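Observations on the three-dimensional arrangement
Listed below are the residues making up each chain.
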Amino acid sequence: MMRISDSFRAALAGITVHKNRSFLTVLGIVIGITSIMAVMSIGQSAQELIVGQIQRFGPANIFVMPGRQPSSAAEGAGTVLNDSLKEKDFEDLQKKSNVPGAKAVVPYVFGYATASYGSEAYDVMVAGSSEYIQKNFDLKVAEGRFFDVFEVDQKARVAVIGSKVKEELFGSADPIGEKIKFKDQKFQIIGVLFPEGQGSIMDFNKAIIAPYSSIQQNVLGIKYFNRIVIEAESIEAVPGVIRDVKTLLRNNHNIDNPEKDDFFIQTQESIAESVKTVTSIMTVLLAAVAAISLVVGGVGIMNIMLVSVTERTREIGLRKALGATNKNILTQFLFEAVFLTVVGGIVGVIGGTLLTLILSYIANKFAGLDFPYVFSLAGAIWGIGISFAIGIVFGIFPARKAAKKSPIESLRFE
């Protein structure tokens, strides 16, 4: 134990003698660990943000999507354009006799347009639904009111706008009762939503919401739905509702082979799990890319340690002449490499934590995101563990070279 402690003190002395060189040596490790820590923390924060937005829907909600189950993000985008969910499907799903466990059936259609008022124009997302969308997304009206079932049935040209739409088109003026134009159609504004954080599913601050019947007929010119959300009476009723929905839609679409379904069903739990899987994979891939810089840092440490061994050849010879063994010399130089990388790892974890805090603040303050800060314990453990491993891997060669030096030749070294 005394010999190990002596080797450690000797290693620490060797590092502190050349402070500037030690700092530059460890800088690559600091940058690499900072990157890994930041990527993993931001990845977990993004995952919490998206899952939190998904959970704005109740746990008893079932999402009926058009098209086949996508196997990739690119295919998923294509389901929006699929027209397999017809008006008859929606009407049949509303019948209690067909789906006894359903509490509410909510249709969704959406598209993008440029809304204008006077000389002002703003690009918005146009969402069409029933009055139930207000409960689905827990939307709060700051001014005016939300449209009702009568206006949905009458295909009324009324709309509720997001706070950003109001700001861009009306400024500080009162928009209630005014008419905005998009897709060559005029809609009367009856309500303005409270500002909210930018959600991962839909940014209602930049949206116009109107009765789906009016959007279908007057704006999009379609007779199908992009989504149908069914709220089950309870969480326990969800499996039964899913069975009933599949049976009904297959009968309506003349499908006798489930593999040929032109629709698919997702629950809040399945969507959240899919999001977690995707974000976890992306986080790991980005962390792996960031880890490449650690290899560069490790090579830098090995080069500097080799230079240090050469410069301290006489020191090595003197220590051996006084009784130090090859193992003592190897341990000393290995301790130096590991000490440098572990210190770099700790500094990198602190740096990554601070960087994530700053980015979270910027996202919340300036981008309008409800971006949570998450400290990645796994990132910290991996960061310090990888730093230690790099010290061993890239420090062993210089340490072995120092240990093998002849004491006589070392003392003669100029």
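What you are looking at is a predicted structure, and each value in this text was computed from that prediction instead of being measured.

1. A closer look at the environment of Val238
Tracing the backbone shows Val238 in helix 9 (residues 238-252). Spatially, the C-alpha atom of Val238 lies 7.7 Å from that of Gly101, the residues being 137 residues apart in sequence. Beyond its immediate stretch of four places on either side in the chain, Val238 contacts Pro59, Ala60, Ile62, Ala232 and Thr267.

2. Description of unusual backbone geometry
Positive phi values are uncommon outside glycine, yet Asp138 reaches one of about 55°. Along the chain, Asp138 falls in the loop between helix 5 (133-136) and strand 4 (141-144). Accessibility expressed as a relative area gives 46% for Asp138, which makes it partly exposed. For Asn254, which is not glycine, the phi torsion reads 55° and is therefore positive. Looking at the element boundaries, Asn254 is found in the loop between helix 9 and strand 10 (263-267).

3. As for the pattern of salt bridges
Inspection of every chain in the model, using the stated rule, returns 10 salt bridges. A salt bridge links Lys95 to Asp92; the shortest N-O distance between them is 3.6 Å. Overall, the relative accessible area of 43% leaves Lys95 in the partly exposed class. Within the structure, one salt-bridge network assembled from shared partners comprises Lys88, Asp92 and Lys95.

4. Considering the nonpolar core
If you look at soluble globular proteins, the nonpolar side chains tend to sit buried side by side. Counting residues in hydrophobic clusters, the biggest one holds 69 residues, and the most contacted among them are Phe147, Phe182, Phe204, Ile208, Ile228, Ile230 and Val245. Ranked by residue count, the leading element in this core is strand 2 (residues 102-117), at eight residues. Listed in part, the 24 residues of the second largest apolar core include Ile33, Val309, Ile390 and Ala399.

5. Remarks on the confidence of the model for the protein
Averaged over every residue, the pLDDT of the protein is 83; the share at 70 or more is 87%. Here helix 3 (residues 73-79) stands out as the least confident element of the protein, with mean pLDDT 48; strand 5 (residues 158-161) is the most confident, with 96.

6. Here we look at the packing of helix 11 (residues 313-321) against helix 12 (residues 326-366)
Between helix 11 and helix 12, the least distance of the axes is 10 Å, while the angle of their chain directions is 140°. Between helix 11 and helix 12, the crossing angle belongs to the class labelled oblique. Taken as a pair, helix 11 and helix 12 cross one another with a handedness that is right-handed. Of helix 12, the residues touching helix 11 (which contributes Glu315, Ile316, Arg319 and Lys320) are Asn326, Ile329, Gln332 and Phe333. Looking at side-chain class alone, the contact of helix 11 with helix 12 contains three nonpolar, two polar and three charged residues.

7. Details of helix 8 (residues 212-220)
In terms of burial, helix 8 is a largely internal element, seven of the nine residues being buried. Taken together, the buried positions of helix 8 are Tyr212, Ser213, Ser214, Ile215, Gln216, Asn218 and Val219. A positive backbone phi angle near 65° is found at Gly221, which sits one or two residues after helix 8.

8. Details of helix 11
If you check which residues of helix 11 are buried, you get Thr313, Ile316, Gly317 and Lys320. Take helix 11 and look down its axis: the buried residues cluster within an arc of 100°, on one side only. Residue Gly323 follows helix 11 closely and has a positive phi angle near 115°.

9. Considering a nonpolar patch on the surface
Where nonpolar side chains cluster on the molecular surface, the patch consists of Ile346, Ile350, Leu354, Leu357, Tyr373, Phe375, Leu377, Ile381 and Ile384 and spans about 810 Å² of accessible area. Put simply, the parts of the chain that give the nonpolar patch at least two residues each are helix 12 and helix 13 (377-403). Considering each element in turn, the nonpolar patch owes the most residues, four residues, to helix 12. Within the element layout of this structure, Ile384 appears in helix 13.

10. Looking at the side chain of Thr356
Tracing the sequence through the fold places Thr356 in helix 12. With relative accessibility at 0%, the residue Thr356 sits in the buried group. Not counting residues up to four positions away in its chain, the partners in contact with Thr356 are Met37, Ala38, Ser41, Ile42 and Tyr373.

11. A short note on the side chain of Ser84
Here Ser84 shows up in the loop between helix 3 and helix 4 (87-94). In contact with Ser84, other than residues within four places in its own chain, are Pro66, Gly67, Asp89, His253 and Asp262.

12. Notes on the pairing of strand 2
Walk down a regular strand and you will see the side chains alternate between the two sheet faces. Pairing of strand 2 with strand 9 (residues 227-232), which is carried by six bridges, proceeds in the antiparallel orientation. When the bridges of strand 9 are listed, Ala102 appears paired with Ala232. When strand 2 meets strand 3 (residues 120-129), the two strands line up antiparallel, connected through 10 bridges. Each residue of the ladder has a partner; that of Thr114, found in strand 3, is Asp123.

13. A word on the layout of surface pockets
Within this model, the second largest pocket holds a volume of roughly 250 Å³. Lining the second largest pocket we find 20 residues, and of these Phe90, Gln94, Ala104, Val105 and Val106 sit closest to its centre. Secondary-structure elements contributing two or more residues to the lining of the second largest pocket are helix 4, strand 2 and helix 6 (149-153). When its residues are assigned to classes, the lining of the second largest pocket shows 11 nonpolar, two polar and seven charged.

Quick notes on the rules
- Residues numbered from 1 in each chain as written.
- Predicted model: local features only at pLDDT ≥ 70, side-chain atom pairs only at ≥ 80, totals over all residues.
- Heavy atoms only, no water.
- Helix = DSSP H or I, 4+ residues; strand = E, 2+ residues; numbered from the N terminus.
- Contact = heavy atoms within 4.5 Å.
- Buried < 20%, exposed > 50% of the residue type's maximum accessible area, 1.4 Å probe, protein only.
- Salt bridge = Lys/Arg side-chain N within 4 Å of Asp/Glu carboxyl O.
- Core = buried A, V, L, I, M, F, W, Y, C linked by side-chain atoms within 4.5 Å.
- pLDDT = per-residue confidence, 0-100.
- Axes fitted to C-alpha atoms, helices over the stretch in contact; angles between N-to-C directions.
- Parallel < 35°, antiparallel > 145°, perpendicular 65-115°, else oblique.
- Left-handed = near helix turned anticlockwise from the far one by under 90°.
- Nonpolar A, V, L, I, M, F, W, Y, C, P; charged D, E, K, R; others polar.
- Arc of directions from axis to C-beta.
- Patch = residues over 30% accessible without salt bridge, like charges linked within 9 Å, V, L, I, M, F, W, Y side chains within 5 Å.
- Areas by Shrake-Rupley, 256 points an atom, 1.4 Å probe, with all protein chains shown as cover.
- Pairing = 2+ DSSP bridges.
- 1 Å grid on protein atoms, 1.4 Å probe; cavity = no way out; pocket = protein on both sides within 12 Å on 5 of 7 lines; lining within 4 Å.
- Points joined across faces, edges and corners; volume = space filled by probe spheres on them.

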